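These are the residues of each chain, in order.
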Amino acid sequence: MTAPLLEVEESVPHDTAASFGVAAGAATRLLAGPPASAGAERYAAHLDRLGPAGHLGREPAELRSAVRASGLLGRGGGEFPLARKLDLAAASPGAPIVVVNASEGEPASRKDATLISLRPHVVLDGAEAVAAAIGADEIVVYLHRERSGVCGALARALEERRRAGAAASIRLVDGPDRYVAGEASAVVRFLSGGPAAPRRTAVPPAAAGVGGRPTVVSNAETIAHAGLVVRFGAPWFAQAGTDGCPGSTLLTLAGDVSVPGTVVEVVSPTTFGQVLHEAGGLAVPPRALLIGGYAGSWVDAAAAWSAPVDRHALGLAGLRLGCGLVAALGDDRCGIAETARIVAWMAGESAGQCGPCALGLPAMATLMGAVADGRARRADVRELRRLAASVRGRGACGHPTGAAEIVESALDTFADELRLHVRGRACRATGDGLPLPATPVDGSRR
Ligand code: SF4
């Protein structure tokens, strides 16, 4: 049996984390420092390497100005400018709070877990810098305890800081290990005493979040970048990345790469092909790339190979780098079958509280499964496209849109394979029998 393209693992691949690319100032980027095999960097070594935290003794407005000047975009799903959250939180009434979202619900993504496991103090410095920028005296790190390495590394790091006399109040909160439980509004709801389910609100968390307080929720990589920005400045930050998306970017390489789960830090402007060649062990383009995670898009590898690793440029092409997951689909794989498995999983992971998820996603999963199995006909494919279009932009969060995105991009990218499937004929890999979804389509995990 062929192994699944995107495998769900609990372990954090410390030994596969690596830096990638070279740029001026690269020695102080996120994953710079001791080799991954050394494990979590200790507090004393962290301070020796980077010097004192950048926010100490500075005014909140000055810190916000530095983040604004950096152009730092969120390194999670939304790619929202961090400075706008900071400015809104600072201007809103109530005691502000910072939430480091370390839940990383994307099953194949390892970049935040790897960052926290290797450089916990870079993340915690960032959290303190963001707190100082908005005048917050409370910081929460929201995570999944099951993700080995993350919780232990953070607990040890906090103890080191406490012994060193660090004053910030940082607590760890264990959230449910669900895909949508890491969505910002779900995190806010959970920390306010409710379920970890998304909720559409007119007011963003930065204005009124946890308990109605101004809340900056951002993922661990973004927070870590903020700490380095206030430490070394916006011009330093812009020495990495591109004009459209300054700063380095963490990627998780998954699927048919030499070591799935490898995390790389892309420092210089480069292409997906170059990253996969140098860090993923691929010498020639695979069949396709899945860019942006399960809610991302399939792109024919011939086109994706030369595409820039640049959130801004990808956005112009209608793509999102999202959580930074890049999965390679080997030439002997079936993208239709992989998509059927992923969509079935997504259908089971929804909170089930909105119509598009309660009805649309299971129907899409069932039809996609029928297509993959060679039981569907052209009318079913048309119905699949209709369903995908009907759930787009609906519901209380982006989950239905993400499911629509991967389905529609699969139908477009794997058009040749699709023709074989609707004729009931085996395509390149259906004979291998890819695994059935791990989560039931009936959503029984809810
Ligand atoms: S759209 Fe789906 S995942 Fe999002 S809140 Fe509604 S039911 Fe939950």
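This one's a predicted model, so the numbers in the text were calculated from it and none came from an experiment.

Caption draft 1: Seen up close, the overall build of the protein. Helices and strands together make up the secondary structure of the protein, namely 17 helices and ten strands. Taken over 446 residues, the protein has a buried fraction of 57%. Considering only contacts in the protein between residues 6 or more positions apart, those separated by 24 or more positions represent 75%.

Caption draft 2: Representation of the packing of helix α4 (residues 111-118) against helix α6 (residues 150-163) in the model. One can describe the packing of α4 onto α6 by two numbers: an axis separation of 8 Å at closest approach and a directional angle of 35°. The crossing of α4 and α6 is left-handed. Note on element contacts: α6 touches α4 through Val150, Ala153 and Leu154, opposite Ala113, Ile116 and Ser117.

Caption draft 3: How the structure looks around the sheet that holds strand β4 (residues 170-174). Judged by pairing direction, the sheet is parallel, and its four strands sit side by side in the order β4-β3-β2-β5 without closing on themselves. Each of the sheet's edge strands pairs with one partner strand only, and the pair in question is β4 and β5 (215-219). Each strand of the sheet is rotated relative to its neighbour by a mean of 20°, with strand direction disregarded. By the bridge criterion, five bridges tie strand β2 (residues 97-101) to β5 in an arrangement that is parallel. The partner of Val100 across the bridge, within β5, is Ser218. Running over the sheet, helix α5 (residues 120-134) touches β2, β3 (139-143), β4 and β5 and is turned about 150° from β2. Sheet strands in contact with helix α7 (residues 184-191) are β2, β3, β4 and β5, and its direction is about 125° off that of β5.

Caption draft 4: The environment of Gly209, seen in detail. Its place among the elements puts Gly209 in the loop between α7 and β5. Gly209 sits 25 residues away from Ala184 along the chain, and the two C-alpha atoms are 9.5 Å apart. Every residue in contact with Gly209, bar those within four places of it in the chain, is listed here: Val188, Pro214, Thr215 and Val217.

Caption draft 5: The arrangement of the site of the ligand in detail. Taken together, 15 residues form the shell around the ligand, and within it Ala351, Cys354, Cys357, Gly395 and Cys397 come nearest. Broken down by secondary-structure element, the contributors of at least two residues to the shell around the ligand are α14 (355-372) and α16 (399-413). For the shell around the ligand, a count of residues per class yields ten nonpolar, five polar and no charged. Three or more residues apiece are contributed to the shell around the ligand by two domains, here domain 1 (23-237) and domain 3 (335-432).

Caption draft 6: Here's a closer look at α6. Given a rise of 1.5 Å per residue, 14 residues ought to cover 20 Å, and the 20 Å separating the end C-alpha atoms of α6 matches this to within 8%. Within α6 the residues assigned to the buried category are Val150, Ala153, Leu154, Ala157, Leu158 and Arg161. Considered in projection along α6, the buried side chains sweep an arc of 130° and stay on one side of the axis. Facing away from the buried side of α6, by more than 90 degrees, are the exposed residues Ala155, Glu159, Arg162 and Arg163.

Caption draft 7: Looking closely at α5. Here α5 is 15 residues long and its end C-alpha atoms lie 22 Å apart, about the 21 Å a rise of 1.5 Å per residue gives. Extensive coverage of α5 is indicated by the burial of 15 of its 15 residues. In the segment just after α5, Gly135 is the residue with positive phi, at about 75°.

Caption draft 8: Looking closely at the confidence of the model for the protein. For the protein, the average pLDDT comes to 87, and 89% of its residues sit at 70 or higher. Confidence drops under pLDDT 50 across residues 1-16; counting only partners more than four residues distant or on other chains, this segment forms 49 contacts. Counting interchain partners and residues more than four positions distant, the pLDDT-below-50 stretch residues 430-446 has 38 contacts.

Caption draft 9: Spotlight on the pairing of strand β10 (residues 325-329). Counting buried positions along β10 gives five out of five residues, so the element sits mostly inside the fold. A two-sided burial pattern is seen for β10, the buried positions comprising Leu325, Ala327 and Leu329 on one face and Val326 and Ala328 on the other. For strand β8 (residues 288-291) and β10, the ladder comprises four bridges, and the chain directions are antiparallel. Within β10, the position partnered with Leu290 by the bridge is Ala327.

About the thresholds
- Residues numbered from 1 in each chain as written.
- Predicted model: local features only at pLDDT ≥ 70, side-chain atom pairs only at ≥ 80, totals over all residues.
- Helix = DSSP H or I, 4+ residues; strand = E, 2+ residues; numbered from the N terminus.
- Buried ≥ 20, exposed ≤ 12 C-beta atoms within 10 Å, placed from the backbone.
- Contact = placed C-beta atoms within 7 Å.
- Axes fitted to C-alpha atoms, helices over the stretch in contact; angles between N-to-C directions.
- Left-handed = near helix turned anticlockwise from the far one by under 90°.
- Pairing = 2+ DSSP bridges.
- Near = placed C-beta within 6 Å.
- Nonpolar A, V, L, I, M, F, W, Y, C, P; charged D, E, K, R; others polar.
- Domains from an automatic or database assignment.
- Expected span 1.5 Å × (residues − 1).
- Arc of directions from axis to C-beta.
- pLDDT = per-residue confidence, 0-100.

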